[in-house]
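# Working through the structure, step by step
Listed below, chain by chain, are the residues.
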Amino acid sequence: QSIPEEDIALAEVMIYLAQVHERTGDIAQAKAQAQKVVDLAEQHQSPLTLARAWALLGTLTYRQNDFSAAIQYNQQALEQARKIGHKHNEAVILCNLGFDYWALGDYAKTTGFTRQGFEIYRQLGNQRGMVLCCDNLSALYNEMGQYSQAQQFINDGLEAARQIGF
């Protein structure tokens, strides 16, 4: 079942409204808007819209320092993105999960999810995504005291950045 055009437009507006609330610091209102998008997407069985809404809820919950809940939202988002094979969203969500686990101090899961996101960005030829992953991984390895790994990701990130004109 596909979501009607007018409901796609409504979902997009609701997502943008949630992002405006987030930027103005009203996380509770942003989460309420995002939940409305989830409800609409579930009603129409729209995996892409669900993935975007769950990921937004993950980000908002992360901002409230509820990292375990953020992981749950992002896992739901990942499931929806994978269901439809939307690789870009999958990479974004994997990197979000990396941040969630980093906040909990789980470096193994952080590196695992971030490396998966990096690999998808690489497959897609998304240099910007690769640069962001390299930056995150270099900071993580630096924090862990694994300086040669950190330097390798700095070098990889610089090379990817050069390819897009930075």
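We now turn to the structure provided with this report.

Criteria and cut-off values
Residues numbered from 1 in each chain as written. Predicted model: local features only at pLDDT ≥ 70, side-chain atom pairs only at ≥ 80, totals over all residues. Heavy atoms only, no water. Helix = DSSP H or I, 4+ residues; strand = E, 2+ residues; numbered from the N terminus. Expected span 1.5 Å × (residues − 1). Buried < 20%, exposed > 50% of the residue type's maximum accessible area, 1.4 Å probe, protein only. Contact = heavy atoms within 4.5 Å. Core = buried A, V, L, I, M, F, W, Y, C linked by side-chain atoms within 4.5 Å. Phe/Tyr/Trp six-rings, centres within 6.5 Å; stacked < 30°, edge-to-face > 60°.

### Topic: helix 6 (residues 107-124)
Residue pairs spaced three or four apart in an α-helix point in one direction, given the helix's 3.6 residues per turn. In this model helix 6 runs 26 Å from its N-terminal to its C-terminal C-alpha over 18 residues, within 8% of the 26 Å that 1.5 Å per residue would give. For helix 6, the set of buried residues is Thr110, Thr111, Phe113, Thr114, Gly117, Phe118, Ile120 and Tyr121. The inward-facing, buried residues of helix 6 contact helix 4 (67-84), helix 5 (87-103) and helix 7 (127-143). Trailing helix 6 by a residue or two, Gly125 shows a phi angle of about 75°, which is positive.

### Description of the nonpolar core
Membership of the largest hydrophobic core comes to 44 residues, with the highest contact counts inside it found for Trp54, Ile93 and Leu97. For this core, the secondary-structure elements that each account for two or more residues are helix 1 (5-23), helix 2 (27-44), helix 3 (47-63), helix 4, helix 5, helix 6, helix 7 and helix 8 (147-163). The element contributing the most residues to this core is helix 3, with eight residues. Sequence-distant contacts of Leu97, defined by excluding residues within four places in its chain, comprise Ile71, Asn74, Gln75, Leu78 and Phe113.

### Quick word on helix 3
Spanning 17 residues, helix 3 covers 24 Å between terminal C-alpha atoms, matching the ideal 24 Å at 1.5 Å per step. The element helix 3 is extensively covered by neighbouring structure, given that twelve of its 17 residues are classed as buried. When we look at burial in helix 3, the residues that qualify are Pro47, Thr49, Leu50, Ala51, Ala53, Trp54, Ala55, Leu56, Leu57, Gly58, Leu60 and Thr61. Check the buried side of helix 3 and you find it contacts helix 1, helix 2, helix 4 and helix 5. Downstream of helix 3 by a residue or two, Asn65 has a phi angle that is positive, lying close to 65°.

### Some details on the packing of aromatic side chains
Enumeration over the complete set of coordinates arrives at five aromatic pairs. Judged by centre distance (6.1 Å) and plane angle (15°), the ring pair of Phe99 and Trp102 falls under stacked. Placement of both Phe99 and Trp102 in helix 5 is noted, with a separation of three residues, approximately one turn of the helix. The class for Phe99 is partly exposed, based on a relative accessible area of 32%.

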